[in-house]
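Spelled out, the chains give:
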Amino acid sequence: MQAIARILHHSLPKPPVDLVLGPDLQAVWERCRPEGLKAVEVLFYCRGRLFLMVPGSAAAARLRQEGPDLLARLRTQPGLGDLREIVTRRTGRQPPGAVTKAAVPSRSALGARCFGSLAEAVDDPSLKASLARLAAALATDDSRGA
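Residues numbered from 1 in each chain as written. Predicted model: local features only at pLDDT ≥ 70, side-chain atom pairs only at ≥ 80, totals over all residues. Heavy atoms only, no water.

**As for the overall build of the chain**
At step 1: From N to C terminus, the chain includes five helices and four strands.
At step 2: When its helices and strands are written in sequence order, the chain yields α-β-α-β-β-α-β-α-α.
At step 3: Every one of the 146 residues in the chain was classed for burial, and the buried ones make up 27%.
At step 4: As displayed, the chain has an accessible area near 10100 Å², and 59% of this comes from carbon and sulfur atoms. (Helix = DSSP H or I, 4+ residues; strand = E, 2+ residues; numbered from the N terminus. Buried < 20%, exposed > 50% of the residue type's maximum accessible area, 1.4 Å probe, protein only. Areas by Shrake-Rupley, 256 points an atom, 1.4 Å probe, with all protein chains shown as cover.)

**Remarks on the nonpolar core**
At step 1: Formed by 19 residues in total, the largest nonpolar core has its most connected members in Trp29, Val40, Leu50, Leu52, Leu63 and Leu74.
At step 2: Those elements that provide at least two residues to this core are helix 2 (22-32), strand 2 (41-46), strand 3 (49-54) and helix 3 (57-75).
At step 3: The dominant element in this core, judged by the number of residues it contributes, is helix 3, at six residues.
At step 4: Beyond its immediate stretch of four places on either side in the chain, Leu74 contacts Val28, Trp29, Cys32, Leu50, Leu80, Leu83 and Ile86. (Core = buried A, V, L, I, M, F, W, Y, C linked by side-chain atoms within 4.5 Å. Contact = heavy atoms within 4.5 Å.)

**Quick look at the sheet that holds strand 2**
Either a parallel or an antiparallel arrangement is found when strands of a sheet pair, and the pairing is made through backbone hydrogen bonds.
At step 1: One open sheet holds the four strands; their spatial order is 1-2-3-4, and the pairing between them is mixed. Only two strands of the sheet have a single partner each, and these edge strands are strand 1 (20-21) and strand 4 (85-90).
At step 2: Of the strand pairs in this sheet, strand 2 and strand 3 are connected by five bridges, and their pairing is antiparallel. The residue bridging Cys46 from the neighbouring strand is Arg49, located in strand 3. (Pairing = 2+ DSSP bridges.)

Structure, rendered in structure tokens:
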């Protein structure tokens, strides 16, 4: 049994000595992060790199802007003295109140609505039919693109 334990001890991967996981870093992150980066989540720290999860490109840009000051503040914390880099990962989530692409109608959808309402307001039957066909074609193009 001791032989098996010795084999497993030497063959199983071991986490790096300086690995610190998210829950242990959370308090440090909350003390050091700027107020505008509340949506950024800390994942882990290992080998001089702090890994963060950002909700979008705006938060990533803000993090790059705040980077040097943030690194200096984090380096003063116990266990993070050799911090040299912040690595970001993006999530698919958006912060509350963010406008998503699905919330903004496409040009085809807007055009279809515009020409559809214009067709309803026109009295000339041939022009009305043409505008209605154009609105239908734009609506069809929009549904194919989605």
